[in-house]
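A look at the structure
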There are 4 protein chains.
Amino acid sequence: MCRFAAYLGRPLLVNDVMSRPKVSLIRQSSSATETDVTLNGDGFGIGWYNLEVSEVPAVFVSALPAWNDMNLRNMSHQIQSPCFFAHVRAAEEGVVNQSNCHPFHYQKFLMMHNGGVGGFKKIKLAMLNALKPEFFHNIKGQTDSELLFALWLSSLEEFESPKESDFISAWERTLTTLTTLQKAAGVKEETYLNVIISDGHQLIGLRYVNNADQALTLHYAEGSAFVHHHGVCRMLPKENDHLHHPDNAVLIASERLTGDTPEWKDVPKNHYIFVDHHKRVVLTPVKN
Amino acid sequence: MCRFAAYLGRPLLVNDVMSRPKVSLIRQSSSATETDVTLNGDGFGIGWYNLEVSEVPAVFVSALPAWNDMNLRNMSHQIQSPCFFAHVRAAEEGVVNQSNCHPFHYQKFLMMHNGGVGGFKKIKLAMLNALKPEFFHNIKGQTDSELLFALWLSSLEEFESPKESDFISAWERTLTTLTTLQKAAGVKEETYLNVIISDGHQLIGLRYVNNADQALTLHYAEGSAFVHHHGVCRMLPKENDHLHHPDNAVLIASERLTGDTPEWKDVPKNHYIFVDHHKRVVLTPVKN
Amino acid sequence: MCRFAAYLGRPLLVNDVMSRPKVSLIRQSSSATETDVTLNGDGFGIGWYNLEVSEVPAVFVSALPAWNDMNLRNMSHQIQSPCFFAHVRAAEEGVVNQSNCHPFHYQKFLMMHNGGVGGFKKIKLAMLNALKPEFFHNIKGQTDSELLFALWLSSLEEFESPKESDFISAWERTLTTLTTLQKAAGVKEETYLNVIISDGHQLIGLRYVNNADQALTLHYAEGSAFVHHHGVCRMLPKENDHLHHPDNAVLIASERLTGDTPEWKDVPKNHYIFVDHHKRVVLTPVKN
Amino acid sequence: MCRFAAYLGRPLLVNDVMSRPKVSLIRQSSSATETDVTLNGDGFGIGWYNLEVSEVPAVFVSALPAWNDMNLRNMSHQIQSPCFFAHVRAAEEGVVNQSNCHPFHYQKFLMMHNGGVGGFKKIKLAMLNALKPEFFHNIKGQTDSELLFALWLSSLEEFESPKESDFISAWERTLTTLTTLQKAAGVKEETYLNVIISDGHQLIGLRYVNNADQALTLHYAEGSAFVHHHGVCRMLPKENDHLHHPDNAVLIASERLTGDTPEWKDVPKNHYIFVDHHKRVVLTPVKN
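To start, this report covers the structure provided alongside it. (Residues numbered from 1 in each chain as written. Chains lettered and ligands numbered in written order. Predicted model: local features only at pLDDT ≥ 70, side-chain atom pairs only at ≥ 80, totals over all residues. Heavy atoms only, no water.)

Here the focus is the interface of chain A and chain D. Facing the 22 residues of chain A at the interface are 22 residues of chain D. Taking both sides of the interface into account, the surface hidden between chain A and chain D amounts to around 2,000 Å²; carbon and sulfur atoms contribute 53%. Inspection of the region where chain A meets chain D yields zero salt bridges. Run the count over chain A and chain D and you get 14 residue pairs in polar contact (both at pLDDT 80 or more). At the level of secondary structure, the elements contributing two or more residues to the side of chain A that touches chain D comprise strand E2 (44-50), strand E3 (54-62) and helix H3 (70-75) of chain A. (Contact = heavy atoms within 4.5 Å. Buried area = accessible area lost by both parts, 1.4 Å probe. Salt bridge = Lys/Arg side-chain N within 4 Å of Asp/Glu carboxyl O. Polar contact = N/O pair within 3.5 Å; in protein donor to acceptor, adjacent residues only side chain to side chain. Helix = DSSP H or I, 4+ residues; strand = E, 2+ residues; numbered from the N terminus.)

Moving on to the environment of Gln80(A). Residue position: Gln80(A) is located in strand E4 (residues 80-88). C-alpha separation for the pair Gln80(A) and Gly116(A), spaced 36 residues apart in sequence, amounts to 30 Å. When near neighbours in sequence (up to four residues on either side) are disregarded, Gln80(A) contacts Pro11(A), Leu12(A), Leu13(A), Asn50(A) and Val53(D).

This part takes up unusual backbone geometry. At the junction of His102(B) and Pro103(B), the peptide bond is cis and its omega measures out at -5° in the coordinates. Even without a glycine there, the phi angle at His230(B) is positive, about 50°. Here His230(B) lies in the loop between strand E10 (225-229) and strand E11 (232-236). Residue His230(B) is classed as exposed on the basis of its relative accessible area of 84%. Located in the positive-phi region is Gln107(C), a residue other than glycine, with phi close to 45°. In this structure, Gln107(C) sits in the loop between strand E5 (104-106) and strand E6 (109-116). (Buried < 20%, exposed > 50% of the residue type's maximum accessible area, 1.4 Å probe, protein only.)

Let us look at the pattern of salt bridges. Residues and elements named next belong to chain A. Overall, the coordinates contain 36 salt bridges over all chains when judged by the stated rule. With a closest N to O distance of 3.3 Å, Glu 34 and Arg 256 form a salt bridge. Here Arg 256 lies in the loop between strand E12 (249-253) and strand E13 (265-266) and Glu 34 lies in the loop between helix H2 (25-31) and E2, a separation of 222 residues in the sequence. Classification of Glu 34 as partly exposed rests on a relative accessible area of 21%.

So, about the packing of helix H6 (residues 144-155) of chain A against helix H7 (residues 164-184) of chain A. All names here are of chain A. In the contact formed by H6 and H7, the axes pass within 8 Å of each other and the chain directions differ by 120°. Comparing their axes, H7 and H6 come out oblique. The chirality of how H6 crosses H7 is right-handed. Seen from H6, the contacting residues are Leu 148, Leu 151, Trp 152 and Ser 155; seen from H7, they are Phe 167, Ala 170, Trp 171, Arg 173, Thr 174, Thr 177 and Leu 178. Broken down by class, the residue content of the contact of H6 with H7 amounts to seven nonpolar, three polar and one charged. (Axes fitted to C-alpha atoms, helices over the stretch in contact; angles between N-to-C directions. Parallel < 35°, antiparallel > 145°, perpendicular 65-115°, else oblique. Left-handed = near helix turned anticlockwise from the far one by under 90°. Nonpolar A, V, L, I, M, F, W, Y, C, P; charged D, E, K, R; others polar.)

Residue and element names in this part refer to chain C. Taken across its seven residues, strand E2 (residues 44-50) has seven buried, putting it largely inside the fold. Side-chain alternation along E2 places Phe 44, Ile 46, Trp 48 and Asn 50 on one buried face and Gly 45, Gly 47 and Tyr 49 on a second face that is also buried. Note: E2 against strand E3 (residues 54-62), six bridges, orientation antiparallel. Of the residues in E3, the one forming a bridge with Gly 45 is Val 61. Taking the residues between adjacent antiparallel strands as the criterion, E2 and E3 are bridged by three residues. Bridge count for E2 against strand E4 (residues 80-88) is six bridges, and the pairing is antiparallel. Residue pairing in the sheet places Ile 46 in a bridge with Ala 86 of E4. (Pairing = 2+ DSSP bridges.)

Residues and elements named next belong to chain D. One open sheet holds the six strands; their spatial order is E5-E6-E7-E8-E14-E15, and the pairing between them is antiparallel. Looking along the sheet, the strands with just one partner apiece sit at the ends: strand E5 (104-106) and strand E15 (281-285). Within this sheet the neighbouring strands show an average axis-to-axis angle of 15°, counted without direction. Alignment of strand E8 (residues 203-210) against strand E14 (residues 271-275), held across five bridges, turns out to be antiparallel. Its bridge partner being in E14, Gly 205 is matched across the sheet by Ile 273.

Before going further, it helps to spend a moment on the sheet that holds strand E12 (residues 249-253) of chain C. Residue and element names in this part refer to chain C. Strand order in the open sheet made by the seven strands is E3-E2-E4-E1-E12-E9-E13, with antiparallel pairing throughout. The open sheet has two free edges, formed respectively by E3 and strand E13 (265-266), since each of these has just one partner strand. As paired strands, strand E9 (residues 219-223) and E12 are joined by five bridges and run antiparallel to one another. Of the residues in E12, the one forming a bridge with His 219 is Ala 253.

The tendency in soluble globular proteins is for nonpolar side chains to be buried as a group. Of all hydrophobic cores here, the largest spans 78 residues; its most connected members are Trp152(C), Trp171(C), Ile197(C), Trp152(D), Trp171(D) and Ile197(D). Setting aside anything within four residues of it in sequence, one finds Trp152(C) in contact with Phe109(C), Phe167(C), Ala170(C), Trp171(C), Thr174(C) and Ile197(C). Among the nonpolar cores identified, the runner-up in size contains 77 residues, and Phe167(A), Ile197(A), Leu193(B) and Leu206(B) belong to it. (Core = buried A, V, L, I, M, F, W, Y, C linked by side-chain atoms within 4.5 Å.)

This is the structure we're talking about:
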């Protein structure tokens, strides 16, 4: 089912999400707890931005399980970024190779997904036909996730400087297309879309379910900084921050990285969570 | 541009094609001579049949160059087969990963390709729409080669026990579809299709060019057996075979494996070469 | 801790051990049950003999987990052999790469290991110094397992046509060297050696423990044939074999492949299990 | 024979060495020109420092050829560093896997090598015995290069804050050990050591040959900045720098990255080239 975490805030080490927290992504790769599929060993990936160097994020993916990739171990103590994604995969659609690992990227955009498009096989060709050519030709793998990203990109009207409303309306169009195609194909299967998309300045999360009651778990934590002190990671609350960190920090994750601690809230079912470049969080219900 | 060799005959070691001949596939992977693209280091693959075990061939592919893959080195002295394919890749369409390595397979069929579909980007979506669903869903990579194979499979009417005429008429329908789609998309680029397809009992080769004068090189050699004596590989001529090998042997290859020796003939341009289960060779011009 | 299975008998499909049994090696790679370490996702390997082709076995290893390696899936339905090894790894010594995957091989010999050499770091250099040069130079990885194999090879006096007594006396010398080096280095840690070695004609297993009470699990099953009928794998008892299979079959495995069925016996602690080319099983206590 | 480049100076994009120059490392991986071995397709690696994040460099290696590694392509436009190494490998000692790829690292040190230790097989065990335990246990692969690095680390007396004299005297001790071991083993083969070592603040290069007349090529270029303008890379001369770059820049490389342009000088045979944290270059003859 995959597990993921996204971060936007003051520069943070990838390891502070990937390996240091109690419920780190690496730990989730071998023993996830908030899902039936505890093993997420079918590859992994990280994507990160350093906007002063390039608008285009760096992406590193591997078909190996996250727990034993030498490159991840030898790089992630050095990669610090104000905006990054980390993903561990449990394959449903698509074989295990680098091209099917998240996050996916197109120019300045990163995307990762946990869940599945209901009846994907029945609508895959129709989805391909619904894409704009440039996004069709960017497809490198076989997953529903990558195709969903291409559909979202095809639905994005303001490509240069997208604002919250652009991110959301691209999603609304995407969901309309998706449900239209599913209806036409008689799809009754559940669709689970826990998705994050960013352009490095801001990010949008979606927690969506269709044809089922329960959405997959999706949590977020906001504060003044996500810190690692005395072997423990935690999100410093804003009111309580004696170091007066100038920037804020937001984490969105499939599982609560620090365990069952009070900093985590649930993204409500069928809602968007938007984090703007001031790290302000806005929750908006899906209209579709 | 890729290089390949296919064998049908009495059981032969994969190494007798892959590493032992003067112009072995491994040598072609780093220094091909009958082409402008001398380096074919973007992955490789082998596929082989042992029909008494299964109708479905074994396939081993790797994104590493053939010259330094440990598994290839540690297996190919042991793999003996009456029908096998070997391919070294120079990527044109599709990133370098296992899913884009030849040979491709579907149930009992193996396919490999050297060349390129003219204007592929312009007709890729139309090609996908032309496929039967089962072959569409079998697509794992991004190459024109894999799509061409899916188109051929979609054009094959007799799937269970195909005969020479079935192999050829599937190709004729495939070429008709291809040129129709290319015409509709205004494609002027050259198409080069040197392709081998087999079901383990018989195989068909195609040497085809469109919108250009010269086809890519494609040679074949037939004899009583392909043997390795005193460090030299050669095809024993039938009339000269004092060992009276009961079976015959046919090789089809991009480059003459034994160098410029007399056993090799050219497959004529825009011709099929069909090798039946008695290892009889028939050359037929492409009608299309 | 790793899991493995070895087979000697009438030609058998690798899949009849790797994927088809209830407790197949692939299932053990993600959820082993007879051990504390349930996850064996740090690479895997198979090695197999076809003596009419070559005395030297074929070896295929991968750093990916066994459950999602495309090559394994695309080859193992075709690989049939009268003697083969299969191993899934849970790394203790050595990073996860192909060079640290079992089985290890040297000319005609295959070896695989489940367990660990007590105090390996303290005696590693001394072990290297104890090797004959040819085996020292064959070392490609970092594991205690590969070094143990090199030590056994260095202790083998009859290399050409080893008999049961040669296999065993090489092990006795190996264990003497090992315990001597451990004593000299003040090692108190437990040593667990569940090891299989073969030359393709016969094989020896060892279930050994030192500085601990409990050895790791090691089972064997003998019968007239290991068969797969109506979706169920089982070892046919010799007296009951209405098909009168001409050859016998022996399996040795970390976990009972068919579950808790009566065909499985334990290899006693600190015993060798030798299977000769008639598939006769002899159990001999370790003297050392 | 391998090819490499090292950079110390104001922050520079890895791509400005790896892919943008006329004679980029990626181009050298498929067609090197200043050597007999034009193909360096047996893996590659990069290592880079960002000292404000960690003293320990990041290292990314891959067994794929540099020209087609997706991760390299998707990361190297984002990796900017004041000190980095890039290496493309042509394997002589050691199979092609990640553990044998350069650069090697130990805590804050990076090392890469182009060349070969004469008679390596004859002295490998003696070299292992000459190591301090902590460096012996850090060995992960099979190459002479990694062992040479371990020998240098074992010879380094000032580990915390090494100065030029410490780097050099560690090399002198290393060369003494090496030639002593070679003499004892009767080695007559050529030794070629083109090596770079850094701690992120400063770096030392060595161009050394023994038992042969010609050393391998090693060049360096110093200036105010290495820049990429209008598709051309070049080293700005200090006196000529109208932008008054505050820092300087030094490149050391097997091949002149910008082609036969005047900024390149040869490191003399059997000399060290030391670049201090002010980017001052000092050439010192090897005493040994």
